[in-house]
Amino acid sequence: QVHLVESGGGLVEPGGSLRLSCAAPRTIFSVFSVYDGGWYRQAPGKERELVASISSNKITEYGDSVKGRFTITRNNSRKIMYLQMNSLKAEDTAVYYCYLSTSWGQGTQVTVSS
């Protein structure tokens, strides 16, 4: 179900940066810190791709295509996850969907183009 509030997408030139945010409503997630979360992305005609994940104790993993460029963090007190995206490439263009446990954000478009 779409329960998460996602923001931060937009149009950026190659080499630029964006930061995505994903907030969990406190009415749904009473204990944000116990859930694993992250981001997937999907471009038209392509498979859904795991971009980054972060565990409840802040252990992170990244897809091979974004390692060294993206950083996922979480603030358990504020119930927000962040995805910092640096050195963006045209191949990063996609709709990005955050998730936390079984809940999803509405998606945000990231377009990297000159």
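Residues numbered from 1 in each chain as written. Predicted model: local features only at pLDDT ≥ 70, side-chain atom pairs only at ≥ 80, totals over all residues. Heavy atoms only, no water.

**Some details on the environment of S56**
For step 1, the next point in the chain: With respect to the helices, strands and loops of the structure, S56 is situated in the loop between strand 5 (49-54) and strand 6 (60-62).
For step 2, the next point in the chain: By relative accessible area, S56 is classed as partly exposed at 29%.
For step 3, the next point in the chain: Considered as a pair, S56 and V31 are 25 residues apart in the sequence and their alpha carbons are 10 Å apart.
For step 4, the next point in the chain: Ignoring anything within four residues of it in the chain, the contact list for S56 reads S33, V34, Y35, D36, R74 and N76. (Helix = DSSP H or I, 4+ residues; strand = E, 2+ residues; numbered from the N terminus. Buried < 20%, exposed > 50% of the residue type's maximum accessible area, 1.4 Å probe, protein only. Contact = heavy atoms within 4.5 Å.)

**Some details on the environment of C98**
For step 1, the next point in the chain: Relative to the helices and strands, C98 resides in strand 9 (residues 94-100).
For step 2, the next point in the chain: Taking the C-alpha atoms as reference, C98 lies 18 Å from K46; in sequence the two are 52 residues apart.
For step 3, the next point in the chain: Ignoring anything within four residues of it in the chain, the contact list for C98 reads L4, E6, C22, G38, W39, M81, S103, W104 and G105.

**Quick word on the state of the cysteines**
For step 1, the next point in the chain: With the rule as written, the count across this model stands at one disulfide.
For step 2, the next point in the chain: C22 shares a disulfide with C98; S-S distance 2.1 Å. Its torsion about the S-S bond being 70 degrees, the disulfide of C22 and C98 is classed as right-handed. Placement of the pair is C22 in strand 3 (residues 18-23) and C98 in strand 9, with a sequence separation of 76 residues. (Disulfide = S-S within 2.5 Å.)

**Overview of the pattern of salt bridges**
For step 1, the next point in the chain: If you walk through the whole model with that rule in mind, you get four salt bridges.
For step 2, the next point in the chain: Close ionic contact of R41 with E49 constitutes a salt bridge, the shortest N to O distance being 2.9 Å.
For step 3, the next point in the chain: When its relative accessible area of 5% is taken as the criterion, R41 is described as buried.
For step 4, the next point in the chain: A residue is classified by how much of its surface remains accessible, and E49, at 29% relative accessible area, is partly exposed.
For step 5, the next point in the chain: In this structure, the salt-bridge partner of R41 is D92, at a minimum N-O distance of 2.9 Å. Residue R41 is located in strand 4 (residues 37-42), and its partner D92 is located in the loop between strand 8 (80-85) and strand 9; the two are separated by 51 residues in the primary sequence.
For step 6, the next point in the chain: Assessed through its relative accessible area of 0%, D92 is described here as buried.
For step 7, the next point in the chain: Through salt bridges with shared partners, a single ionic network connects R41, E49, R69 and D92. (Salt bridge = Lys/Arg side-chain N within 4 Å of Asp/Glu carboxyl O.)

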